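Structure at a glance
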Amino acid sequence: MMAAASTFWKAGYSETVAADTMRKSVRLANDARELFICENSSEIVKVALSLGPFGATLSPPQEFAGYYPPPYGPMEYSERDDIYNSFPMHDTESEEKSIEALARFHLERLLVFARDLEIWGMIDIIAFETVPLVREAFAIRKAMHDLKSILVGEGVDFVQKPWWISFVLPGGKLPQRNNEGQCKTIQDIVHTTFLAQMVSGNDKELPRPVGIGINCTAPEFIPSLVHEYSHALKSLDISSSSRPWLILYPDAGDTYDILTRSWLVASRDVKHSWAVSLKNVLHVTQTEQPGIWGGFVLGGCCRTDPNLIQSLRQQIISMGA
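Looking at the overall build of the protein
The helix and strand inventory of the protein stands at nine helices and eight strands. Its C-alpha atoms give the protein a radius of gyration of 20 Å, within 12% of the compact-globule value 20 Å for 321 residues. A principal-axis box enclosing the C-alpha atoms of the protein has dimensions of 50 × 45 × 45 Å. For the protein, buried positions account for 46% of its 321 residues. Expressed as a percentage of contacts within the protein between residues at least 6 apart in sequence, the contacts between residues at least 24 apart total 73%. If you sum the accessible surface of the protein, you get close to 16,300 Å²; carbon and sulfur atoms cover 52% of it. Between the centroid of the 29 positive side chains of the protein and the centroid of its 38 negative side chains there is a distance of 2 Å.

Following this line, the structure appears as C-alpha cells:
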C-alpha cells in the first residue's frame, strides 16, 4: 500500500474516507483468501499488509531515490546536480527529527488498521517494503514500538504481527547518500535493522523484524546483494533461535522512469532466466552460507506476472525445498 491519509487528502477525500478505503483493501484481500481456500482446501494462504515508504506519497514518487522534504529529510527532489538525501554526519539533531517525523508517518498509518480489531485479525504479516533509506528503517522500528505502547495504554488486547523490512537497491546500491557523496552500505542496512538502539540518548529496546529483504530491484543485482546481506548478518551476535528470514522479491527486470512514468521492457533473456536466477541464489545461500538465515520467502515485485511466479514455484519444487 503506497497510499496514506495525506495522499487521499491531496486527492480531495476526507480522513474518514481514507481510513475506510485503506481498511477495505484488507477486507478484499481476506475475501480473496477465503474464496481461494474454498476452491483449494489444502492450501495455506496468508495476508500481508504491504506498507510502502514515505517517499511513495510524494510527487514525483521518491521510493527509489529517497529525496524527502524537511523534516523527513534534508531536501525535496529537484533537478539540481548537488541534491542529497542524507544528513551530514555531524547533524545528529536533524537526523533524529527526521526519524521522529518518519516514525509518526508510519505509526499513523498502522493505527488505521490496528485500532480495528476485526481488520487487524485478518492480517498475518506486515511488510514494510521498497524502503530507500536506512533512517527510515529505524523509524519503522520505532513506529512498531510506539504502536504497541499506544494500544496497550488504550486497554487494547494488542496482538503483535510478524513483520519485515524490505529495501530497494536500484543499481545494486542503496540510494541514500550525503552531501559529500558517501553512500550507506549493506552493513548499515543490516545493523540498523537489527541493532537494539541507534540514536543517541535513546535507551528504549526497539523491536526487531522477523525478516529483512530486497524488493523492486533488478534481478541481476540479487546474487551479490544477498552475499553482502549474509556477510553483514553473520557479523551480528544473533542467537540461532531468532535468526531472521531473508525476503526476496525482485522486479521482472524492466526499468521504470519516474519522470515519464513509463517502463523500459527488459529483454526476453532476462525474463526467461528470472526464476532460475532466484533458485540459484537460494541454492548458493543454503549450501555456501548455511545456518545464517531462519528461512526464506521468494516472490516477485513490479512487472512480474503469474507465469513468472509459477515458473519460480516449479524451480523451487525441483530443488526439493
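From this point, things continue past the structure.
Concerning the environment of Asp 251
Structurally, Asp 251 is set in the loop between strand 5 (245-249) and strand 6 (255-257). Residues within four places of Asp 251 in sequence aside, it is in contact with Cys 216, Thr 217, Ala 218, Pro 219, Trp 274, Cys 301, Cys 302 and Thr 304.

Quick word on the nonpolar core
Phe 113, Leu 147, Phe 167 and Tyr 229 are the most contacted members of the largest nonpolar core, which has 60 residues in total. Residue contributions to this core peak at seven residues, all from helix 5 (residues 134-153).

Focus on the sheet that holds strand 4 (residues 211-215)
Taken together, the six strands give an open sheet; going across it, the order is 1-2-3-4-5-8, and neighbouring strands pair in parallel fashion. Every interior strand has two partners, whereas the edge strands, strand 1 (48-51) and strand 8 (295-298), have only one. Averaged over all adjacent pairs, the angle separating strand axes in this sheet is 20°, with direction ignored. Bridge count for strand 2 (residues 125-131) against strand 3 (residues 163-167) is four bridges, and the pairing is parallel. By the bridge assignment for strand 3, Ala 127 is matched with Trp 164. On the sheet, helix 6 (residues 186-194) packs against strand 3 and strand 4 and is oriented at approximately 140° with respect to strand 4.

As for helix 6
Within the span of helix 6, buried status applies to Ile 186, Ile 189, Val 190, Thr 192, Thr 193 and Phe 194. Where helix 6 is buried, its residues touch helix 5, strand 3, strand 4 and helix 7 (222-234). Where helix 6 starts, the residue carrying a side-chain oxygen 3.3 Å from the main-chain nitrogen of Gln 187 turns out to be Thr 185.

Digging into the pairing of strand 5
Judged by how many residues are buried, strand 5 sits mostly within the fold: four of five residues are covered. Handedness of the strand 4-helix 7-strand 5 crossover: right-handed. Relative to strand 8, strand 5 runs parallel, the two being bridged by four bridges. Note that in strand 8 the partner of Trp 245 across the bridge is Gly 295.

A look at unusual backbone geometry
Backbone torsion omega between Ser 59 and Pro 60 reads 0°, so that peptide bond is classified as cis. Within the fold, Pro 60 resides in the loop between strand 1 and helix 3 (92-114). The omega torsion of the bond from Pro 70 to Pro 71 falls at 5°, within 30 degrees of zero and hence cis. Positive phi outside glycine occurs at Thr 130, with the angle close to 55°. Within the element layout of this structure, Thr 130 appears in strand 2. Positive phi outside glycine occurs at Arg 303, with the angle close to 70°. Its location among the elements puts Arg 303 in the loop between strand 8 and helix 9 (306-319).

Topic: the packing of aromatic side chains
The description of an aromatic ring pair rests on the distance of the ring centres and on the angle between the ring planes. Counting across every chain of the model gives eight aromatic pairs. Between Phe 54 and Tyr 68 the ring centres are 5.1 Å apart and the planes differ by 75°, which places this aromatic pair in the edge-to-face class. Placement of Phe 54 in the loop between strand 1 and helix 3 and of Tyr 68 in the loop between strand 1 and helix 3 is noted, with a sequence separation of 14 residues between them. With respect to class, Phe 54 is no different from Tyr 68; both count as buried. Site record: aromatic cluster; members linked through ring pairs are Phe 54, Tyr 68, Tyr 72 and Phe 105.

Regarding the pattern of salt bridges
Going through the model one piece at a time under the given rule, you end up with 11 salt bridges. When the shortest N-O distance is used, the salt bridge between Arg 27 and Glu 118 registers 3.2 Å. Of this pair, Arg 27 sits in helix 2 (residues 15-39) while Glu 118 sits in helix 4 (residues 117-122), and the two are 91 residues apart along the sequence. Classification of Arg 27 by relative accessible area gives partly exposed; the value is 33%. One salt-bridge network, held together by shared partners, links Asp 20, Arg 23 and Asp 116.

Thoughts on the packing of helix 7 against helix 8 (residues 268-288)
At a minimum axis separation of 10 Å, helix 7 and helix 8 run at an interaxial angle of 25°. Our classification of the angle between helix 7 and helix 8 gives roughly parallel. Two packed elements cross with a definite hand, and for helix 7 against helix 8 that hand is right-handed. Taking contact as the criterion, the partners of Ile 222, Pro 223, Val 226 and Ser 230 in helix 7 are, on helix 8, Leu 278, Val 281 and Thr 285. Residue composition of the contact of helix 7 with helix 8, grouped by class: five nonpolar, two polar and no charged.

Analysis parameters
Residues numbered from 1 in each chain as written. Predicted model: local features only at pLDDT ≥ 70, side-chain atom pairs only at ≥ 80, totals over all residues. Heavy atoms only, no water. Helix = DSSP H or I, 4+ residues; strand = E, 2+ residues; numbered from the N terminus. Rg over C-alpha atoms; globule rule 2.2 N^0.38 Å. Buried < 20%, exposed > 50% of the residue type's maximum accessible area, 1.4 Å probe, protein only. Contact = heavy atoms within 4.5 Å. Areas by Shrake-Rupley, 256 points an atom, 1.4 Å probe, with all protein chains shown as cover. Lys, Arg positive; Asp, Glu negative; His and termini not counted. Charge placed at Lys NZ, Arg CZ, Asp CG, Glu CD. Core = buried A, V, L, I, M, F, W, Y, C linked by side-chain atoms within 4.5 Å. Pairing = 2+ DSSP bridges. Axes fitted to C-alpha atoms, helices over the stretch in contact; angles between N-to-C directions. Polar contact = N/O pair within 3.5 Å; in protein donor to acceptor, adjacent residues only side chain to side chain. Right-handed = clockwise from strand over helix to strand, strands pointing away. Phe/Tyr/Trp six-rings, centres within 6.5 Å; stacked < 30°, edge-to-face > 60°. Salt bridge = Lys/Arg side-chain N within 4 Å of Asp/Glu carboxyl O. Parallel < 35°, antiparallel > 145°, perpendicular 65-115°, else oblique. Left-handed = near helix turned anticlockwise from the far one by under 90°. Nonpolar A, V, L, I, M, F, W, Y, C, P; charged D, E, K, R; others polar.

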